[in-house]
Amino acid sequence: MPWRGTKDPYRIWLSEVMLQQTRVETVKRYWDRFLACFPTVTALAAAPEQAVLKAWEGLGYYRRARNLHQAAKLVLSQHAGEVPSDEASFRALPGVGDYTAGAVLSIAFGFPLPAVDGNVVRVLCRLDDVHDDPARPQAASRLRARAAALVDRRRPGDWTQAVMELGATVCLPREPRCLLCPVAAHCEGRRAGTAATLPRKVPRRAPHEWRHACAVVRRAGRLLLVRRPEEGLLGGMWELPSGDIAGEPLERAVPRLLEQTTGLVAAYDRELGRVDHAFTHARLTLAVCAVRAPRGRVRSNRAAWCGPGDLARLPLSVVARKTLDLVDAKG
C-alpha cells in the first residue's frame with residue numbers, strides 16, 4: 001500500500017478518507033490518480049469542486065470528497081496550508097471523526113490515539129470474546145476504550161497499522177486464520193471456540209427498492225444533463241434528468257420529471273432499457289426513456305446541454321455512466 005511508506009499527513013489523510021467503505025485494491029488506483037491532480041493540500045484547496053469530484057468519480061460516497069475539499073480550504077486559510085497536528089484542530093475539520101483523527105494523528109504525528117475501523121472491531125471482539133453488537137453505542141464506547149488502552153505509546157502509528165492489517169489479513173470475517181495469528185495465545189474468542197462467530201451483529205433490514213426513470217433529451221447532437229443538489233446522495237454529480245416515478249406509467253412520469261427538473265416540455269417516446277444499481281441501503285431500478293419534440297428553454301441553472309467533450313470533463317456517478325453506456329448502445 002503506497003500510503004504506508006509516507007509520513008506526509010495529507011497523503012495519509014487522503015488514504016484514510018478513501019479507504020472508508022472501499023476496498024484497498026480500488027483505493028490504490030484512485031490515491032495515485034488523485035495525488036497526480038492535487039499533490040498537496042494547497043493544490044486541493046485551490047481546485048474547483050467539480051474537478052475534485054471528477055477525480056473522485058467512481059469511488060462513491062461523494063460527500064467524502066466534498067468534505068475533504070472543504071477541509072483543505074480551512075487548512076489553507078486557518079493553518080497556513082499545514083495539516084494541523086493537534087487533536088482539537090484536526091477534529092474540527094469537515095468529515096473528521098474518531099477513526100480518521102486516530103489514524104492520521106497516530107500514523108503521521110505519533111499521537112497515542114486508537115483508530116477503530118471494522119477490522120479493529122473484529123479483532124477486539126474476538127480477543128475479549130465480546131458478544132454485544134458493536135454497533136450499539138455502549139458496546140462501541142467500550143471497544144474504543146479497550147483500543148485506547150492497548151495503543152503502544154512508543155510506536156502508536158506502527159501499532160495502528162499493525163492492528164488494522166491483523167484484521168485485514170489474519171483475523172478474517174468468515175475464516176479467521178488463528179494458527180497464523182501472533183496474538184492467538186491471548187484470544188478469549190479462540191479459547192471459547194466463538195471467534196468465527198464474532199462480532200455479533202443485528203441482522204440488517206432489507207434494502208429499500210427505488211424505481212426511478214430518466215429522460216434522454218437530445219438537441220443539436222448534445223444531451224441534456226442536470227447537476228444533483230450538493231446535499232444528499234451523489235451530491236454535486238451530473239446525470240440525465242431523473243426522479244421517482246411514484247408508481248406512475250412512464251408515459252406520464254417521464255414528461256412530468258423532465259418539466260419539473262428542467263422546465264422543458266416533451267412527449268414520451270419509448271423506453272430504451274433499464275439500469276440496476278445497488279447502494280448501501282437501497283437497490284435502484286432506473287428506466288431509461290427517450291422523449292421527442294422537446295420544446296421551450298431550459299429554466300434551471302443546474303441543467304446544461306453537453307457534448308462528448310463535456311461528458312469527459314464533468315463528474316458522473318457510476319449510475320450515470322451506466323445510463324450513458326446504455327444510451328450509446330441504443331444509438
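In this text the structure is predicted, and so the values were computed from the model without any measurement.

A. Region of the structure containing the layout of surface pockets. By volume, the largest pocket is sized at about 1,800 Å³. Surrounding the largest pocket, 45 residues form its lining, Gln21, Asp117, Gly118, Asn119 and Arg122 being those nearest its centre. At the level of secondary structure, the elements contributing two or more residues to the lining of the largest pocket comprise α2 (24–37), α7 (98–109), α8 (118–127), α9 (137–150) and α10 (156–169). Top element by residues in the lining of the largest pocket is α8. It accounts for five residues. Here the residues of the lining of the largest pocket sort into 20 nonpolar, 11 polar and 14 charged. Size it by volume and the second largest pocket reaches roughly 450 Å³.

B. Layout of the nonpolar core. Ranked by size, the top nonpolar core spans 63 residues in total, and within it Trp13, Met18, Phe34, Trp56 and Phe90 carry the most contacts. Here this core gets seven residues from one element, more than from any other, and that element is helix α1 (residues 9–19). Dropping the residues within four chain positions of it, Trp13 is found in contact with Val41, Leu68, Ala71, Val75, Val83, Phe90, Leu93, Val96, Thr100 and Val104. Within the second largest apolar cluster, 19 residues are counted, among which are Ile245, Leu250, Ala253 and Cys289.

C. Seen up close, empty space enclosed by the protein. Inspection of every chain in the model, using the stated rule, returns one cavity of 30 Å³ or more. The calculated volume of the largest cavity comes to roughly 130 Å³. Together, 15 residues line the largest cavity, and Arg126, Cys171, Cys181, Val183 and Cys187 are the ones closest to its centre. With three residues, α8 is the single largest residue contributor to the lining of the largest cavity. Residue composition of the lining of the largest cavity, grouped by class: 12 nonpolar, no polar and three charged.

What counts, and at which threshold
- Residues numbered from 1 in each chain as written.
- Predicted model: local features only at pLDDT ≥ 70, side-chain atom pairs only at ≥ 80, totals over all residues.
- Heavy atoms only, no water.
- 1 Å grid on protein atoms, 1.4 Å probe; cavity = no way out; pocket = protein on both sides within 12 Å on 5 of 7 lines; lining within 4 Å.
- Points joined across faces, edges and corners; volume = space filled by probe spheres on them.
- Helix = DSSP H or I, 4+ residues; strand = E, 2+ residues; numbered from the N terminus.
- Nonpolar A, V, L, I, M, F, W, Y, C, P; charged D, E, K, R; others polar.
- Core = buried A, V, L, I, M, F, W, Y, C linked by side-chain atoms within 4.5 Å.
- Buried < 20%, exposed > 50% of the residue type's maximum accessible area, 1.4 Å probe, protein only.
- Contact = heavy atoms within 4.5 Å.

Just distances and angles here, no functional claims.
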